Amino acid sequence: EGAVIASKFRGALIGALLGDCLGAPFEGDERVSKSVLQKYFDKLEGPHFKAPFKQYTDDTAMTKCVAESLIHSGGFNEEDMAKRFVEEYYRNPKRGYGANVVSIFGKLRSTDLKDVWQPAREQFSGRGSYGNGGAMRVSPIALYCHKNYQQMIDFCGKTTALTHTNTLGINGALLQCIAVHQSLEQSPNDPIDEKKFSFDLISKMSKIEEKSSPEVESKTPYIDQLKLVQKLLEKNKGSTLDDDEEVVESLGNTIAALYSVPTAVYCFLRAQSTIKDMEVDNPFRRTLQYSISLGGDTDTIASMAGAISGAYHGYGMINANVQRHCEGVEKMLDIANELMLVSET
Ligand code: F2R
Ligand code: MG
Ligand code: MG
Ligand code: MG
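Now for a look at the structure at hand. Predicted model only: the values in this text are computed from it and were never measured.

### Digging into the overall build of the chain
When its secondary structure is counted, the chain shows 17 helices and zero strands. Relative to the globule expectation of 20 Å for 345 residues, the C-alpha radius of gyration of the chain, 18 Å, shows essentially globular dimensions. Seen through its C-alpha atoms, the chain measures out along the principal axes to roughly 55 × 50 × 40 Å. Looking at the chain as a whole, 58% of its 345 residues qualify as buried. At a minimum sequence separation of 6, the contacts of the chain that also span at least 24 residues come to 75%. For the chain, the computed accessible surface area is about 14,400 Å², with 50% contributed by carbon and sulfur atoms. In the chain, 38 positive and 46 negative side-chain charges are present, and the distance between their average locations comes to 1 Å.

What follows is the structure, encoded as C-alpha cells:
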C-alpha cells in the first residue's frame, strides 16, 4: 500500500511536469496534427538521443514552489508561499508567465510582502484573475492533504488567492485539486468508471458553487462544463469518429480556468479508452497526446491532465526515455519523496 501511494505521488508530479515540458512547444497553436504528435512522442520514447532538455514553464516552476512551501512550512503559510513565487519569478522570469500575473510579483516585492493578499485583489480593476494559473500549480496540495479533504480545500483556495481572486480562477483550481485527489484515492487496478468519476466531481463542485457567485450568467459554470464533459464522453467513447472540434468549441482550450480545467478532466477520462488516429496503448501517454492535439493552452491542459492521470496510474505507467528529455525530473522526484515523508500516509 505504501509503495502504491509513493508511485502515485511521483506519478502526479512527473505527470504535471511532462505535460508542461512536452506541451509547451505547441502553446498557442490552433490545433496540433495527431500524426505530428504521434511521431513526436514515438521519437522521445525511442532509443535515447542527445538533445537539449524540453524546458518546463511557469506551470512547473510554480508547482515546485507550492510543494516546497508546504514541505518547509509544514502546511500552508501565506508569506512563505508568496515569497517563493516572487523569488522563483525573479530568479527565472523567462518561463512564459501569464501577461498580468507578473505585476503581482512586482508589487509583492516592492512592498516587501506587507499584505500578501492585496496585489491579487487589485488585478483586472478589482475583479481578480480568472486565468488557469491557480489551477496549473495545485497538484502538490492534493498530495500533501490527501488524508484531509477539508484542509485540502482550504489550502487550495488560499494558495490560489495569492494570485487569482476571481471566483472562476479559484473554483477552477479547486476542481483540478479535487480531480487529482480522486485519482489518488482510486486503486490503479480498478478501471476508471468515467460516469462515476465525473458525477463525484459534480457533487463536490456543487458544494463549492452553491457558496460562491461568479460574475457570469450561470450560477454553476463548472457544473455546466462537467455535464458537457459527461455528454461528450458518452458520445465519443468507443467511437471511430472523435469530435475534437466540438470538444474545443464547447469545453474550450484557452488560458481561462473555466475553459481549460474541465477540458483537462475530459482528456484524462477520454484517454482511458482508444482514440482515433492515436496508436497508443499507454493511457498516460494517450492523455498527454490527446491534450496537446486540442491546441490552445497545450502546456497547461496537458500538465493538469497529466497530473490527474499520473495520480491514478502511478509512476510505473510513465515512459522512462521521455523523462530523460524533460528538464527537472530528478528534482521533482525528490520533491515527491519529501511530500510523502511530511504528509500523513
Ligand atoms: N502566458 C502563457 N502563455 C502566453 C501565451 C503564449 C502565446 N499563445 C504564444 O504562443 O506565444 N502561459 C502561462 O499563462 C497561463 C496562466 O496564466 P495566469 O497565471 O492565470 O496569468 P494571468 O495574467 O492572471 O491571466 C492570464 C490572462 O487571462 C486573461 N484574464 C484573466 N482574468 C481576467 C479578467 N478578470 N478580465 C479579463 N481578462 C482576464 C488576461 O488576458 C490575462 O493576461 C498558462 O497558460 C501558463 O502556461
Ligand atoms: Mg506555461
Ligand atoms: Mg498563516
Ligand atoms: Mg499554458
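Past the structure itself, the notes keep going.
### Some points on the coordination of the magnesium ion (ligand 4)
Distances from the magnesium ion (ligand 4) to its protein donors, Glu27 (OE), Asp297 (OD), Asp299 (OD) and Thr300 (OG1), fall within 2.0 to 2.3 Å. Bound by six donor atoms, the magnesium ion (ligand 4) shows angles of 76 to 177° at the metal and therefore octahedral coordination geometry. Sequence spacing of the donors to the magnesium ion (ligand 4): E-x269-D-x1-D-T. In this structure, the magnesium ion (ligand 4) lies 3.7 Å from the magnesium ion (ligand 2), and both are coordinated by Asp299.

### Some points on the coordination of the magnesium ion (ligand 2)
Binding of the magnesium ion (ligand 2) to the protein goes through Thr57 (OG1), Asp58 (OD), Asp59 (OD) and Asp299 (OD), at separations of 2.0 to 2.3 Å. Summarised as a motif, the one-chain spacing of the donors to the magnesium ion (ligand 2) is T-D-D-x239-D.

### Overview of the environment of Gln38
Counting through the fold element by element, Gln38 comes out in helix H2 (residues 34–45). Residues Gln38 and Gln289, spaced 251 residues apart in sequence, show a C-alpha to C-alpha distance of 7.6 Å. Not counting residues up to four positions away in its chain, the partners in contact with Gln38 are Asp277, Met278, Glu279, Val280, Arg285 and Gln289. One polar contact links the side chain of Gln38 to the main-chain carbonyl oxygen of Glu279, over a distance of 3.0 Å.

### Concerning the pattern of salt bridges
Inspection of the entire model under this criterion finds 18 salt bridges. In this structure, the salt-bridge partner of Lys237 is Glu194, at a minimum N-O distance of 3.5 Å. One end of the pair, Lys237, is in the loop between helix H11 (221–236) and helix H12 (244–251); the other, Glu194, is in helix H10 (residues 194–209), with 43 residues separating them in the sequence. Of the charged contacts, one joins Asp277 and Lys276 as a salt bridge, the two residues approaching to 3.2 Å between their closest N and O atoms. Here the salt bridges share partners, and the residues they tie into one network are Arg31, Lys34, Asp244 and Glu245.

### Regarding the nonpolar core
Membership of the largest hydrophobic core comes to 113 residues, with the highest contact counts inside it found for Leu18, Leu22, Ile141 and Leu339. Of all the elements, helix H1 (residues 2–23) adds the most residues to this core, at eleven residues. Dropping the residues within four chain positions of it, Leu18 is found in contact with Gly23, Phe284, Leu288, Ile318, Val322, Gln323, Cys326 and Val329.

### Digging into the site of ligand 1
In the neighbourhood of ligand 1, 22 residues make up the surrounding shell, with Asp59, Asn100, Ser129, His164 and Asp297 lying closest. For ligand 1, an oxygen atom lies 2.7 Å from a polar atom in the side chain of Ser129. Here an oxygen atom of ligand 1 and a backbone polar atom of Gly133 are 2.9 Å apart. Here ligand 1, which alone exposes 930 Å², has 72% of that area covered by the protein.

### Re the packing of helix H4 (residues 78–91) against helix H5 (residues 101–110)
In contact at an axis separation of 10 Å, H4 and H5 are set at 110° when each is read in the N-to-C sense. When the axes of H4 and H5 are compared, the pair comes out roughly perpendicular. Crossing geometry of H4 relative to H5 is assigned as left-handed. From H4, Ala82, Phe85, Val86, Tyr89 and Tyr90 reach across to H5, where they touch Val102, Phe105, Gly106, Leu108 and Arg109. Split into classes, the residues belonging to the contact of H4 with H5 amount to eight nonpolar, one polar and one charged.

### Here we look at the packing of H2 against helix H14 (residues 283–293)
The contact between H2 and H14 brings their axes to 10 Å, and the two run at 140°. The orientation of H2 relative to H14 falls into the category oblique. The two elements H2 and H14 cross, and the hand of that crossing is right-handed. Residue-level inspection shows Lys34, Leu37, Gln38, Phe41, Asp42 and Glu45 of H2 in contact with H14, the latter providing Arg285, Leu288, Gln289, Tyr290, Ile292 and Ser293.

### Section: unusual backbone geometry
Negative phi values dominate among residues other than glycine, just as trans dominates among peptide bonds. One non-glycine residue, Ser125, adopts positive backbone phi at about 50°. Relative to the assigned elements, Ser125 resides in the loop between helix H6 (118–122) and helix H7 (139–144). Looking at Ser125, the relative accessible area reads 76%, which means it is exposed.

What counts and what doesn't
- Residues numbered from 1 in each chain as written.
- Chains lettered and ligands numbered in written order.
- Predicted model: local features only at pLDDT ≥ 70, side-chain atom pairs only at ≥ 80, totals over all residues.
- Heavy atoms only, no water.
- Helix = DSSP H or I, 4+ residues; strand = E, 2+ residues; numbered from the N terminus.
- Rg over C-alpha atoms; globule rule 2.2 N^0.38 Å.
- Buried < 20%, exposed > 50% of the residue type's maximum accessible area, 1.4 Å probe, protein only.
- Contact = heavy atoms within 4.5 Å.
- Areas by Shrake-Rupley, 256 points an atom, 1.4 Å probe, with all protein chains shown as cover.
- Lys, Arg positive; Asp, Glu negative; His and termini not counted.
- Charge placed at Lys NZ, Arg CZ, Asp CG, Glu CD.
- Donors = N, O, S within 2.8 Å, 3.2 Å for Na, K, Ca; no water.
- Tetrahedral: all angles 85-135°; square planar, octahedral: opposite > 155°, others 65-115°.
- Polar contact = N/O pair within 3.5 Å; in protein donor to acceptor, adjacent residues only side chain to side chain.
- Salt bridge = Lys/Arg side-chain N within 4 Å of Asp/Glu carboxyl O.
- Core = buried A, V, L, I, M, F, W, Y, C linked by side-chain atoms within 4.5 Å.
- Near = heavy atom within 4 Å.
- Axes fitted to C-alpha atoms, helices over the stretch in contact; angles between N-to-C directions.
- Parallel < 35°, antiparallel > 145°, perpendicular 65-115°, else oblique.
- Left-handed = near helix turned anticlockwise from the far one by under 90°.
- Nonpolar A, V, L, I, M, F, W, Y, C, P; charged D, E, K, R; others polar.

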